[in-house]
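Summary of structural features
Next come the chains, spelled out residue by residue.
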Amino acid sequence: MPLAELSTEPSMVIHRASNRKISYGEVASFATLPEKMPQIPAAQLKDPKNFA
């Protein structure tokens, strides 16, 4: 499924179209790290005052 179809809630990744959910822990059990981590510009980071 395309990444654009996924959203997150605390501790979960959700595909709303199918109502499927998976925990971050389940994802971590099979995920692999890329050779090079993506660079994220500071302007795209969430402002700490907006942390919930």
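Anything mentioned here points back to the structure above.
None of these values were measured; they are calculated from a predicted model. Throughout this description, residue numbers start from 1 for each chain and increase along the sequence as written. In keeping with the predicted nature of the model, local features appear solely for residues at pLDDT of at least 70, side-chain atom pairs appear and are counted solely at 80 or more, and the whole-chain, interface and lining totals rest on all residues. As a rule here, side-chain values come from all non-hydrogen atoms in the structure, and water together with hydrogens is ignored.

As a further point, take the overall build of the protein chain. Comment: elements are numbered from the N terminus, with helices defined as DSSP H or I runs of at least four residues and strands as E runs of at least two. Across its full length, the protein chain holds one helix and three strands. All radius of gyration figures rest on C-alpha atoms, and the globule criterion is 2.2 Å times the number of residues raised to 0.38. For the protein chain, the C-alpha radius of gyration of 14 Å lies well beyond 10 Å, the compact-globule estimate for 52 residues. Projected onto its principal axes, the C-alpha coordinates of the protein chain cover approximately 35 × 30 × 20 Å. Among the 52 residues that make up the protein chain, the fraction classed as buried is 6%. On the protein chain, roughly 5000 Å² of surface is accessible, and the fraction owed to carbon and sulfur atoms is 59%. Under the scheme applied here, a residue whose accessible area is under 20% of the maximum for its type counts as buried, over 50% as exposed, and between as partly exposed, the area being computed with a 1.4 Å probe on protein chains only. Residue exposure ignores everything except the shown protein chains as possible cover, and the areas themselves are Shrake-Rupley values with a 1.4 Å probe.

So, about the side chain of H15. As for its placement among the helices and strands, H15 is situated in strand 2 (residues 12–15). We classify H15 as buried; its relative accessible area is 9%.

Glancing now at the pattern of salt bridges. Whenever a carboxyl oxygen of Asp or Glu lies within 4 Å of a side-chain nitrogen of Lys or Arg, that contact is scored as a salt bridge. Under the defined criterion, the tally for this structure stands at one salt bridge. A salt bridge links E9 to R16; its shortest N-O distance comes to 3.0 Å. Assessed through its relative accessible area of 34%, E9 is described here as partly exposed. By relative accessible area, which is 52% here, R16 ends up exposed.

With that settled, consider unusual backbone geometry. The residue S11 is not glycine, and still its phi comes out positive at about 70°. Examined against the element boundaries, S11 turns out to sit in the loop between strand 1 (6–9) and strand 2. We classify S11 as partly exposed; its relative accessible area is 46%. Even without glycine at this site, N19 takes up a positive phi of about 60°. Within the secondary structure, N19 sits in the loop between strand 2 and strand 3 (20–23).

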